[in-house]
Structures are given as C-alpha cells and as structure tokens.
Amino acid sequence: MNNSQRIRGSLALLQIPFIFTQDDLLTTEKFVSEAKDRGHRIDLDTLQALHVHNLLAPLFRVSDTAVVGRRIKVDIPITGNNSFGWVVEAARAGRLRDPAEEGYSVALPYRRPEGTDHDWWNGFIYSSWQLLDLGRALTIYSWVQHGIRDPATSVTRDRQRFLALAALSPRYLSGVLGWLRTVPGSDEDAMWRFRSEASALDLLQVVDYDPAQLKGHAEGLLGDAHDDPLTKLLPLLRHMSYKGWSQLRGEPLDAMWKRVGAEVLLRAHEDLARAGHVKQLPDLTGETWWTVLHDRLSARHEEAETLERALGDFGLSPYPRVILLVEGETELLHTKRLLAEIGFTKPQQVRVQRAKGSKASPHLIARYGVTPRVGRRLGDRWLLDATPTALVVATDAENRWATPEQRERERLALLEAIREEVRSQGADIGHDYLDFLVAVHVWGADSYELANFTDDELVPAISRLAAGRHDAESSAWQQELRSQLETARAAHDDVKVVLGRMKLGNPKVRLAEELWPLLRTKFEREWTAGEPVTPVVKLIADVRRIYHRISGIRAMVVPDGFNA
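Residues numbered from 1 in each chain as written. Predicted model: local features only at pLDDT ≥ 70, side-chain atom pairs only at ≥ 80, totals over all residues. Heavy atoms only, no water.

A. Quick look at the overall build of the chain. Looking only at helices and strands, one finds 23 helices and eleven strands in the chain. Burial analysis of the chain (564 residues in total) assigns 51% to the buried set. Contacts in the chain between residues at least 24 apart in sequence constitute 75% of all its contacts with a sequence separation of at least 6. Within the structure as shown, the chain displays about 26,300 Å² of accessible surface, and the carbon and sulfur contribution to it stands at 48%. (Helix = DSSP H or I, 4+ residues; strand = E, 2+ residues; numbered from the N terminus. Buried < 20%, exposed > 50% of the residue type's maximum accessible area, 1.4 Å probe, protein only. Contact = heavy atoms within 4.5 Å. Areas by Shrake-Rupley, 256 points an atom, 1.4 Å probe, with all protein chains shown as cover.)

Written out as structure tokens, the structure reads:
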C-alpha cells in the first residue's frame, strides 16, 4: 500500500487530523480491563476466540515486518510510548495492518508463547468504541458454541459503526462530553479550528460510511442502552458531567457510553441534515408515545427535561451561576446556542430568561433570583446556603437603558435591592462582592440584529424569508431592502420595522434561524482568535468570566463596621 493508492478500512482513519485525541486506542490487556469495568467478564482467550470467528477483530495490528509499499504518510505528532505512538510509528514504517482485511492467523497468538521474552507483545490494538460491540459479539459467540450462527451482516454493521465513531470523534466527542482533551505536541487552537470547521460528510467518506446509516445506528445504541437499570434516572444523568458518570461501573457505565456514541452519530446527522445530505430527525414535540430518540443523552434536544424539572421531580432544585436577561426571541435563541458552543448547556450554569422588551424591570429577578441565600456566620464571613447567582442584563440602548448614566443608575438600584434582601436575612454584603452581581450590556447604538450583523449579512437572510414571492429576487426589491436597512440604522429602529415595510410581517424567529449558521461561524472565528468583536460574542465572553468568578465563591466577607 503506497500513498498513491486509496487507503481503506481502519488504516484510513490515520488521514484524519487529530484522530484518536478524544477517544482511546487500547491494547488487548487494556481492552480486557475496560471491558470488566463495563460488566463484561472476558480474558485474552475469549478475545482471541472473537477474532478467530470474525466477531470482533482488532482495529489495528502492529507487525514486526516492515513493507515499503505499506508505508503511510501520517501528519500526526507522536505522543510517546503508548498505543497511539506505536500505531503512528508502525504506519510510517509500513508495519501497520488492518486485521479485518488480513483475517486471523494461528501464527498471531494473543498470549505470550512459552520461551519468548517477557517484553513480547501481540501487537493488537482496539478502539475504545469497540467496547460498545462487545456484548453483541459475546452473545453471538455463545450461539456459535452451540452450533448457531447469527448472520454476518450484524458484525459488518458493528464495524461500520465504530469506524464512523472513531472518524467523528475528533469533531464531536468533546462537545458531547463537555471536555476537550488536549494532547502534548498538538496545537490547541488548531484543534478548536478543526472541531468547528470539519465536515461530517468528509470524515465519514474517509471510512466509506454511508451517512444514511447514522440515524439507524444511533437508534440501535439507544435501544440497547434502554435496558440499563439506571434508565429511569436518565433525566438527571444527562445533566451529569463526564467526570461524574464515568465513575459508574458495570451495565450503567456501558449504557452511558452507548448513549454517548449515539449522540455523536446524531449530532453528525443533524449537521448533515442542515446541509441537505440526509433527512431531518423526526420532530418529537408533543409526541405521546416513547421512542428511542427520547433517550438522547444531550440535554439540549427539544424533548429533554430541564435539570430544574428533573431535580424537582426528585425533590431537588438547582440554582444557576448566572441569569442572563435578554429582550426578545432572537436574542434568546442565539445566546442559548452560543453558550452551548462553550459547554454551557446546563441551567445550573447559565439560565437565559426573556424580558420581553427593554421596558421590563429586572428588580424582581434581582431580589429573588440573585440575592445570596445566607447561611450561618463563621468568623468574619457568612457561609452561603446555595451557590450565588449573578445577573447580566443584555438589552437595546433605549428606555431605561438609553444612556450610560441611566444604565449605571439602574444597575445601582438593582444592587441596592439585593442589599436590602440580604439585610432582611440578618446579614450584610460588602461592596466588592455586591458590585459584580449585576452587569448591564447594550448592543451599541443599534438594536440586536443591526448591531450584530452587517447589511451584506442581513440581506441574503431576509431574502430567504421572502422565498416564493415573485418580486423578492429582483434587483429593485433587493435595493429597497438595503435602503430600508440603512434607514433603520439611521433611526436606530428595530429590524422588525424593516420586515414590516418589506411586507414580510414579523418572522423574527425564522430570521434568527437563518442568521444562526452565520453567527456560529463568526463566533468560532472570534473565539478561536481570542478577540471578540461582535457584540453578542463579547457578551458571551463576559458571561463566561462572571461564571468562573462566581463559581468559586462559598462565603461572603462581613463588611467593616457591621454588627449582626
């Protein structure tokens, strides 16, 4: 195999940037150990038998024999003396093989033969995703032992699925787990760019995977996971961090990883559906019967219970670190999605609320949602009964928020309301602590859409809303739209004024959806560069800063001169 030929099978994975940085490559000993953690009692002999019967072939075999024609050019930093490093070195030297292609040979034992050195190694490497297939492989093997054999198509299907999962992991796995694993020697900024720009279609083509299989393979994993004894706790588990649920053992851990795998496949499906390559997932809104897609691990899909609801069902209640108050539906949709892009998908992190206009007063939220819940006094501080919450108001520069002086006056009034509520608890709050509990953001002189998007960005999006109208594609209509946008900017009007004058009604939510892919691209570019320019991206950066500052607070220092 040389670089002028098409590389296929598992070897093709090595052409993907940052491959195996988010998932794992496992030796046979490590695979057996991980399998036991997931409730599968196997040993090397069992693993060899699965290979012999073509029920679970390793991902790679590192051979001692180098073949010049099998050399593979791999532009991946070697991370050291580990499975990944051995695979990369073997590929470059022409010593890497695809066991599914070459089949099993009795000359390749799994256990160290007698008389060989203690540093002998069988050379087999598995993907951590193959652990998802182990239960099925063991079941079929038991049938084989009794003279019954399941159709080989099921084995082929499983291999296609884990090759797809391995290919998609650099792009999607960190988003599902909420944790980007950095690798020594790798460019973290480049990893972020790859994660935001990689095409699911291109990744799947590397391993010759048909995107039409994504939904079915994901549903199969979710169906397998549904028998987990902890399934009834899924409304809580989907909000748990990877660090938390990874401590599970046995069937529950195995089921969680199946849900993770399903989520990786479904997120790729969603991206491909938006691009028109596959059909959209079914809309589950209002469905009265259960489907496997209701068991999605992601807390962001429409039918997932919120953490507040889930904890309420179990007699608990969450407190968010930050309440972000926005005006309209567009801001609500965009800020929630941008926060999800940086991992803030849980309501106990940032809760976004809609104020329904700049005239609405946030005083009630400040008094009852932000006021620290004071516990007992300990020395020079009060312990807090719950994690404190900060309030961030994001609004147009109008009404009570029109000028810098008005905004500061409103902010100080909110802070005073919080101080009054703290005093009603028999305590007090120092200015240094109080001051950062409330922040006010405006988009600038213009309203949200005009402040965050240029006319060149708005015109195509608004034009798509008018699709089907005979005049919408004419140059005159386009010029009139630009003229109305210029007029709106000069008068600091809301974009809905433009939509009305163009006789489109008020489809702001549809416009928000049209603008979202563009905003996500701008966000990823500015976030990666570390230089937020777009006002809403600046807002997300400030919310993140406030979140991290407030997350470490467990007590309030007693102000000088105060006597409880």
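B. Seen up close, the sheet that holds strand β6 (residues 350-354). Across the sheet, four strands lie side by side as β6-β5-β9-β10; this open sheet has parallel pairing. The sheet terminates laterally at β6 and β10 (438-442), the two strands that pair on one side only. Here the strands of the sheet are splayed against their neighbours by 20° on average, with no regard to which way each runs. Running over the sheet, helix α16 (residues 404-423) touches β9 (390-395) and β10 and is turned about 155° from β10. Across the sheet, helix α23 (residues 535-551) is in contact with β5 (322-326), β6, β9 and β10; its angle to β9 comes to roughly 175°. (Pairing = 2+ DSSP bridges. Axes fitted to C-alpha atoms, helices over the stretch in contact; angles between N-to-C directions.)

C. Here's a closer look at the packing of aromatic side chains. For the coordinates displayed, the defined rule picks out 15 aromatic pairs. Consider the rings of F344 and Y547, whose centres lie 4.5 Å apart with planes at 50°: the pair is tilted. Taken together, the positions of F344 in the loop between α14 (329-341) and β6 and Y547 in helix α23 put the pair 203 residues apart, joining distant regions of the chain. The class of F344 is buried, set by a relative accessible area of 9%. Given the relative accessible area of 12%, Y547 is considered buried. Through successive ring pairs, a cluster of aromatic residues spans W129, W179, Y242, W245 and W257. The aromatic ring of Y172 is capped on one face by R171, whose charged end is 4.6 Å from the ring centroid. (Phe/Tyr/Trp six-rings, centres within 6.5 Å; stacked < 30°, edge-to-face > 60°. Lys NZ or Arg CZ within 6 Å of the ring centre and 35° of its normal.)

D. Local environment of the pattern of salt bridges. Under the criterion given, the structure shown has 34 salt bridges. When the shortest N-O distance is used, the salt bridge between R411 and E408 registers 3.2 Å. With R411 and E408 both in helix α16, this residue pair falls three residues apart, about one helical turn. A salt bridge links R419 to E416; the nearest nitrogen and oxygen atoms lie 3.9 Å apart. Here R419 pairs with E416, and both are found in helix α16, just three residues apart, close to one helical turn. (Salt bridge = Lys/Arg side-chain N within 4 Å of Asp/Glu carboxyl O.)

E. Geometry of helix α20 (residues 475-491). Compared with an ideal rise of 1.5 Å per residue, which puts 17 residues at 24 Å, α20 spans 24 Å between its outermost C-alpha atoms and is within 8% of the ideal. Taken as a whole, α20 has its buried residues at W477, L481, Q484, L485 and A488. Considered in projection along α20, the buried side chains sweep an arc of 100° and stay on one side of the axis. Along α20, exposed side chains directed more than 90 degrees from the buried face belong to S475, A476, E486 and A490. On its buried face, α20 is in contact with α18 (448-452), α19 (455-465) and α21 (495-501). One or two steps after α20, the chain reaches H492, where phi turns positive at roughly 55°. (Expected span 1.5 Å × (residues − 1). Arc of directions from axis to C-beta.)

F. Here's a closer look at the nonpolar core. In this structure, L13, F20, F60, L96, W129, L168 and V260 are the most contacted members of the largest nonpolar core, which totals 72 residues. Looking at this core, the elements that each hand over two or more residues are β2 (60-62), α3 (83-93), α6 (153-177), α7 (188-197), α8 (200-206), α9 (214-225), α10 (234-237) and α12 (251-274). Here L96 is in contact with L11, L14, F60, R61, V62, V87, A90 and A91, once residues within four sequence places are set aside. Counting 71 residues, the second-largest nonpolar core is a separate cluster that includes F344, A466, L511 and V558. (Core = buried A, V, L, I, M, F, W, Y, C linked by side-chain atoms within 4.5 Å.)

G. Inspection of the packing of α14 against helix α22 (residues 508-529) at higher detail. Orientation of α14 relative to α22, taken along the N-to-C sense of each, is 30°, at an axis distance of 9 Å. With respect to each other, α14 and α22 are oriented roughly parallel. Classified by chirality, the crossing of α22 by α14 is right-handed. Residues E329, T330, L333, H334, R337, L338 and E341 of α14 form the contact with α22, whose own contacting residues are K508, V509, A512, E513, L515, W516, L519, R520, F523 and E524. The class makeup of the residues in the contact of α14 with α22 is eight nonpolar, two polar and seven charged. (Parallel < 35°, antiparallel > 145°, perpendicular 65-115°, else oblique. Left-handed = near helix turned anticlockwise from the far one by under 90°. Nonpolar A, V, L, I, M, F, W, Y, C, P; charged D, E, K, R; others polar.)

H. Representation of the side chain of D133. Here D133 is to be found in helix α5 (residues 131-145). The exposure class of D133 is buried, given its relative accessible area of 3%. Residues contacting D133, with those up to four places away along its chain left out, are L56, D158, R161 and F162.

I. View of unusual backbone geometry. Here the phi dihedral of F18 falls at roughly 60°; this positive angle occurs in a residue that is not glycine. Even without being a glycine, H492 presents a positive backbone phi close to 55°. Relative to the helices and strands, H492 is located in the loop between α20 and α21.

J. Local environment of the pairing of strand β7 (residues 374-378). Alignment of β7 against strand β8 (residues 381-384), held across three bridges, turns out to be antiparallel. In the sheet register, L378 faces β8, and the bridge partner there is R381. Taking the residues between adjacent antiparallel strands as the criterion, β7 and β8 are bridged by two residues, where G379 takes a positive phi near 65°.

K. Structural context of the side chain of S10. Locating S10 in the fold gives a position in the segment before β1 (25-27). Judged by relative accessible area, which is 0%, S10 ranks as buried. Looking at S10, its side chain comes within polar contact range of the main-chain oxygen of L59, at 2.8 Å. Discounting residues that sit within four places of it in the chain, S10 has contacts with L59, F60, D98, R159 and L163. (Polar contact = N/O pair within 3.5 Å; in protein donor to acceptor, adjacent residues only side chain to side chain.)

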